[in-house]
Amino acid sequence: MNNDGILAGLRKIAQDPAEPYQTRFFVKHAIERLEQYIEAEQEFLSRTKLVDRFVFLNPRNPEATIDDDSGTIIFASIDAGREWLTRNGFSDEEANNAPYLRSVGVCKKCGAPLFTSLLPDYKYQCFSCDEDFYAIEQGG
């Protein structure tokens, strides 16, 4: 459910005279806070330029990402990722056919590129935080 659906449901509760006063009062304040959060999120996203970033999966082990000593390498372009692969012992064919992930947004926890999770129970993955997130945790 998206934010509009949540707000619509909360507004319905807040206006229902059959609901106890305390419930309506609490829900009205929850609506105000959610609207403030949505406004802040939209303002943040309008200032954040989403640039495509790429993470390559290891051509010899597609369950693993391409890493170095500092963790998963996030490439600025597909070509940069392929060049890195060929410079580091992968054949041209492996580099050209290597699977990769394209960033889908910005992590709300740290601001780094956010990717679709490799784990089936999660929607997003941040390699900088080294965490997987449910959709609700990243607003999607």
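What comes next is a walk through the structure. (Residues numbered from 1 in each chain as written. Predicted model: local features only at pLDDT ≥ 70, side-chain atom pairs only at ≥ 80, totals over all residues. Heavy atoms only, no water.)

Read across the sheet, three strands follow the order E2-E1-E5 without closing on themselves; strand pairing throughout is antiparallel. What marks the edges here is a single partner per strand, and that holds for strand E2 (61-65) and strand E5 (100-102). The sheet shows a mean angle of 35° between the axes of neighbouring strands, direction not considered. In this sheet, E2 lies alongside strand E1 (residues 54-58) in antiparallel orientation, the contact comprising two bridges. The residue bridging Asn 58 from the neighbouring strand is Asn 61, located in E2. Where helix H3 (residues 78-87) meets the sheet, its contacts fall on E1 and E5, and the angle it forms with E1 comes to roughly 35°. (Pairing = 2+ DSSP bridges. Helix = DSSP H or I, 4+ residues; strand = E, 2+ residues; numbered from the N terminus. Axes fitted to C-alpha atoms, helices over the stretch in contact; angles between N-to-C directions. Contact = heavy atoms within 4.5 Å.)

Mapping Leu 7 onto the fold places it in helix H1 (residues 3-15). The spatial distance from the C-alpha of Leu 7 to the C-alpha of Cys 110 is 27 Å, given a sequence separation of 103 residues. Discounting residues that sit within four places of it in the chain, Leu 7 has contacts with Ile 31, Leu 34, Glu 35 and Ile 38.

A few words on the sheet that holds strand E6 (residues 105-106). In space, the four strands of this open sheet follow the order E6-E7-E8-E9, with antiparallel pairing throughout. Each edge of the sheet is formed by a strand with only one pairing partner; in this case those strands are E6 and strand E9 (131-133). Examined bridge by bridge, strand E7 (residues 113-116) and strand E8 (residues 124-126) share two bridges and lie antiparallel to one another. Across the sheet, residue Thr 116 finds its bridge partner in E8, namely Tyr 124.

Moving on, we get to the nonpolar core. Counting residues in hydrophobic clusters, the biggest one holds 11 residues: Phe 54, Phe 56, Ile 66, Ile 73, Phe 75, Ile 78, Trp 84, Leu 85, Phe 90, Ala 95 and Ala 98. Secondary structure elements with two or more residues in this core: E1 and H3. With three residues, H3 is the single largest residue contributor to this core. Excluding anything up to four places from it in sequence, Ala 95 contacts Arg 82, Leu 85 and Thr 86. (Core = buried A, V, L, I, M, F, W, Y, C linked by side-chain atoms within 4.5 Å. Buried < 20%, exposed > 50% of the residue type's maximum accessible area, 1.4 Å probe, protein only.)

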